[in-house]
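# Survey of secondary and tertiary structure
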Amino acid sequence: MSNSPNDPQAGQGRPLPKKEADLFKSVVKHYECKQYKKVIKSADTILKRFPNHGETLCMKGLTLNSMSKREEAHALVKQGLMKDMRSHVCWHVFGLLHRSDRNYNEAIKAYKQALRIDPENLQILRDLSLLQIQMRDIKGFVVTRNTILTLKPNQKINWLAFALAKHLNGDLRGAVSVIDIYLGTLNEGSLELEKGFESSELAMYRNKILAEIPDNLDEALNHLDACKNVIVDMGAWLMSKATFQLKLGKYEEALETFVAMFQRGLTEDYRVHTGYMCALLKLNADDCADALKLRGTNTVATLRPLTDDERKTLIDAYTGDLLESHPRSRAVRRIPLSILVGDKLQDAVASYCRKGLTKGVPSLGSDLSAMFLVEKDGRYVLADDPADIRAHSNFSMLVGLVDGYISSLLSHSKFSDAD
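Residues numbered from 1 in each chain as written. Predicted model: local features only at pLDDT ≥ 70, side-chain atom pairs only at ≥ 80, totals over all residues. Heavy atoms only, no water.

Moving on, we get to the overall build of the protein. Counting secondary structure elements, the protein contains 23 helices and two strands. Taken over C-alpha atoms, the radius of gyration comes to 32 Å for the protein, far larger than the 22 Å a tight globule of 419 residues would show. Each principal axis of the C-alpha distribution contributes one length, and for the protein these read about 100 × 55 × 40 Å. The buried share of the protein, taken over its 419 residues, is 45%. Taking as baseline every contact in the protein between residues at least 6 positions apart, the subset at least 24 positions apart corresponds to 51%. Surface summary for the protein: the accessible area is close to 22800 Å², and the carbon and sulfur share equals 52%. (Helix = DSSP H or I, 4+ residues; strand = E, 2+ residues; numbered from the N terminus. Rg over C-alpha atoms; globule rule 2.2 N^0.38 Å. Buried < 20%, exposed > 50% of the residue type's maximum accessible area, 1.4 Å probe, protein only. Contact = heavy atoms within 4.5 Å. Areas by Shrake-Rupley, 256 points an atom, 1.4 Å probe, with all protein chains shown as cover.)

Attention shifts here to the pairing of strand β2 (residues 379-382). As paired strands, strand β1 (residues 373-376) and β2 are joined by four bridges and run antiparallel to one another. By the bridge assignment, L373 is partnered in β2 with L382. Linking β1 back to β2 in an antiparallel pair, the connection comprises two residues, with D377 at a positive phi of about 55°. (Pairing = 2+ DSSP bridges.)

What follows covers the side chain of Q132. One can find Q132 in helix α7 (residues 122-134). Leave out the neighbours within four places in its chain, and Q132 touches I108, K112, D137, G140, F141 and T144.

With that settled, consider the nonpolar core. Grouped together as the largest cluster of nonpolar side chains are 63 residues, with contacts concentrated most on F258 and Y318. Residues L57, L76, L128 and L131 belong to the second largest nonpolar core, which totals 36 residues. (Core = buried A, V, L, I, M, F, W, Y, C linked by side-chain atoms within 4.5 Å.)

A few words on α7. The terminal C-alpha atoms of α7 lie 18 Å apart, and with 13 residues this matches the ideal 18 Å at 1.5 Å per residue to within 8%. What α7 keeps buried is the set L122, I124, L125, D127, L128, S129, L131 and Q132. Check the buried side of α7 and you find it contacts α5 (88-100), α6 (104-117) and α8 (138-151). The backbone nitrogen of Q123 has a side-chain oxygen 3.2 Å away, supplied by the residue at the start of α7, namely N121. (Expected span 1.5 Å × (residues − 1). Polar contact = N/O pair within 3.5 Å; in protein donor to acceptor, adjacent residues only side chain to side chain.)

Turning our attention to the packing of aromatic side chains. Going through the model one piece at a time under the given rule, you end up with six aromatic pairs. Linked through ring pairs, F262, Y276 and Y318 together constitute an aromatic cluster. (Phe/Tyr/Trp six-rings, centres within 6.5 Å; stacked < 30°, edge-to-face > 60°.)

What follows covers the side chain of D287. With respect to the helices, strands and loops of the structure, D287 is situated in helix α16 (residues 285-292). Relative accessible area serves as the criterion here: at 10%, D287 is assigned to the buried category. At 3.2 Å, the side chain of D287 forms a polar contact with the side chain of R304.

Moving on: the confidence of the model for the protein. With 96% of its residues at a pLDDT of 70 or more, the protein shows a mean pLDDT of 90. Note on residues 1-12: pLDDT is under 50 here. Beyond four places in sequence and across chains, it has 31 contacts. (pLDDT = per-residue confidence, 0-100.)

Once that is clear, we can look at the packing of α6 against α7. Between α6 and α7, the shortest axis-to-axis distance is 10 Å and the interhelical angle comes to 150°. The orientation of α6 relative to α7 falls into the category roughly antiparallel. Considering only the axes of α6 and α7, their crossing is left-handed. Packed against α6, whose contacting residues are Y104, A107, I108, Y111, K112, A114 and L115, the element α7 presents I124, L125, D127, L128, L131, Q132 and Q134 at the interface. Residues belonging to the contact of α6 with α7 are distributed by class as follows: ten nonpolar, two polar and two charged. (Axes fitted to C-alpha atoms, helices over the stretch in contact; angles between N-to-C directions. Parallel < 35°, antiparallel > 145°, perpendicular 65-115°, else oblique. Left-handed = near helix turned anticlockwise from the far one by under 90°. Nonpolar A, V, L, I, M, F, W, Y, C, P; charged D, E, K, R; others polar.)

To continue, consider the environment of H167. Position of H167 among the secondary structure elements: in helix α9 (residues 156-168). The buried category is assigned to H167, whose relative accessible area is 11%. For the pair H167 and I138, spaced 29 residues apart in sequence, the C-alpha separation works out to 9.8 Å. In contact with H167, not counting residues within four places along its chain, are L172, A175, Y205, K208, I209 and E212.

Put into structure tokens, the structure is as follows:
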């Protein structure tokens, strides 16, 4: 190694003199603040006296890359790395350059090389963990987050990130254990143990992990009762509780929970209506599982054909207690259209259409198109073939209603003579 003053080495070698070392610190600071012109100016000042200083060459190259000068940036960073291969800064910058090029595997290799030189560098560890999770290297992510937690156990984010890593790696009990250990480090009376958004979300996340453990729904249900005093999002808490009760076959308790959700104002959430129907009809586990996966305005009534008894039970509920309790709920008025048949269905659709047309609801057409369901392998699917739609009984009924409205409006300016 040359001892020339023009060839100092950083990291494991000779450091810069104090004046240039302070200037290099300003290079890093200006880069973090995205003051790229100042970075170039300070780096050039250092390189005038020490043109072979690897870390400065790398930082200048990284800055040029941020200024869209990719080729020049790559050349400078490679030159800087060759000048000082024992510097973790050079390897880190080399990794950042690969990351900007979306060459993530090479970036990970560079980060790991930097960590061989400085194994406790938190910034490099964080950057490595982000790429590992992006590349789905879950096992590596677990190791990296564990290292970060070991170095900084006083930061909440490190505990939660390690719990997340365990969760993603399939170690569900391990993830729960990490959360419990973290909660055990808090002092009695700590704000994080009292009711609040963060403590609420952490409790719900712990409950989610418990529910994912096979045959562990009883423990998950008991945990909900135990953490109720810190929960802020009671809607999510009730939904989880009702879902667990439903899966455990506790239909009466689940029904009470879903009714409580309606009373809290969740009457427009079709997931709640789906769960309510499952509990009311006491559906088997397979049907409940399929129903809880439904999205949008789909419910049990649009999942599969209903028996006469099931249809009667739902009609009594939606035209009786629910309608009396929530007369202004659009969902309570819309769902019976998927249950009723014959003349009752036509009367309900006519009433629904008149209200929608009077208010000028633009989505009325797409809403009613969901009524064109055809049975396939014991399940309902939405008809998409024009021939199937025209052959559907609901199609002729809707056409008849609309034609009647047009004729009546033209002659009487009313939807019907009874209006």
